[in-house]
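# Working through the structure, step by step
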Amino acid sequence: MGIADLFRKTKTPPVCSAVVVAAGASRRMGEDKTLMLLGGKPVLIRTLSAFEQCDSVEEIVVVTQRDRIVEIADLCKKYSLSKVSKVIAGGATRSESSLAGASEVKSDARLIAIHDGARPFITPELITATVNAASEHMAAAPALRSTDTLKAVDDKGFIIGTVDRETTVRIQTPQVFSAELIKGGLTKAVTGNIAITDDCLAMEMMGVKVFTVEGDESNIKLTTPKDVILAEAILADRGEKI
């Protein structure tokens, strides 16, 4: 019996540990995007609240910059985020921060969800759908089909080909994985100094295929000031005050 068979034969609802990564420098935003206010609440608190409300999440480990640890821990207490078990310092790269968080979850965690702290519109429903898929397939992530024509370009900016839009998707987070496999993949990336843009790549390096579930157009990542305008529109659409 392989690992996949063990995952499929479980009779209890899948529950995972969540790692929320908020250790970036926010250079393109011009300020710490995870602590900026959005509709009166810090972005990170909106993100964490979705995981707090999700029955598929047992605990939350927050990964941040070292000088933000106390501030974020105080915010978690202020907003009664009881599932936040640890607030820790991240590393110099995404893979280092993800590995730091994955290394701090409960030792018996079977699944680990890794999510961008700057995606405040994630919903408990999408988290659950991704966790369920990972329980079946060992690795899962939300994905959106591209509505634009996709082109490949060379290093000088010239188009060199068309990418098949039917087999290309935009990947979101949370990305949920077998705990042992993602720890192994991230360790390989860190020790090999391999740059990864998302955690799915760490699983791909382990030879594991990542299953995709339907993503959410509102599950945007705040990166530049223009994204804040879109975020405020999403809040307004949800009937919240900006």
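Let me begin by describing the structure that accompanies this report. Everything quoted here is computed from the prediction, not taken from an experiment.

## A few points about the environment of Ser98
- Summarising the element assignment, Ser98 is placed in helix H4 (residues 94–102).
- You can call Ser98 buried: its relative accessible area is 0%.
- In sequence terms Ser98 and Arg238 are 140 residues apart; their C-alpha atoms lie 31 Å from each other.
- Beyond its immediate sequence surroundings of up to four residues, Ser98 is in contact with Val21, Ile114, Leu186 and Asp199.

## A word on the pairing of strand S9 (residues 159–163)
- Of all the five residues making up S9, zero are buried; the element is thus mostly uncovered.
- Where strand S8 (residues 150–153) folds back on S9, the antiparallel hairpin that results is connected by five residues, among which Gly157 adopts a positive phi of roughly 95°.

## Looking at helix H2 (residues 43–52)
- Counted residue by residue, H2 has 10 buried out of 10 residues, so it is predominantly covered.
- Those residues of H2 that fall on the buried side of the exposure criterion are Val43, Leu44, Ile45, Arg46, Thr47, Leu48, Ser49, Ala50, Phe51 and Glu52.

## Here we look at the nonpolar core
- Membership of the largest hydrophobic core comes to 31 residues, with the highest contact counts inside it found for Leu48, Phe51, Val57, Ile60, Val62 and Ile127.
- Looking at this core, the elements with two or more residues in it are strand S1 (16–22), H2, strand S4 (57–64), helix H3 (69–78), strand S5 (84–89), strand S6 (111–116) and helix H5 (124–137).
- Listed in part, the 26 residues of the second largest apolar core include Val61, Ile112, Ala179 and Met203.

## Brief notes about the environment of Val190
- Locating Val190 in the fold gives a position in helix H6 (residues 179–191).
- For the pair Val190 and Asp55, spaced 135 residues apart in sequence, the C-alpha separation works out to 31 Å.
- Not counting the four nearest positions on each side in its chain, Val190 is found in contact with Ser95, Glu96 and Leu99.

## Some words on the pattern of salt bridges
- Applying the stated criterion across every chain, the model contains eight salt bridges.
- A salt bridge links Glu71 to Arg68, with the nearest nitrogen and oxygen atoms 3.0 Å apart.
- The exposure class of Glu71 is partly exposed, given its relative accessible area of 36%.
- Across the pair Asp199 and Arg94 runs a salt bridge, and its minimum N-O distance is 2.9 Å. Placement of Asp199 in the loop between H6 and helix H7 (200–204) and of Arg94 in helix H4 is noted, with a sequence separation of 105 residues between them.
- One network of salt bridges, in which partners are shared, links Arg94, Asp116, Arg119 and Asp199.

Definitions and cut-offs
Residues numbered from 1 in each chain as written. Predicted model: local features only at pLDDT ≥ 70, side-chain atom pairs only at ≥ 80, totals over all residues. Heavy atoms only, no water. Helix = DSSP H or I, 4+ residues; strand = E, 2+ residues; numbered from the N terminus. Buried < 20%, exposed > 50% of the residue type's maximum accessible area, 1.4 Å probe, protein only. Contact = heavy atoms within 4.5 Å. Pairing = 2+ DSSP bridges. Core = buried A, V, L, I, M, F, W, Y, C linked by side-chain atoms within 4.5 Å. Salt bridge = Lys/Arg side-chain N within 4 Å of Asp/Glu carboxyl O.

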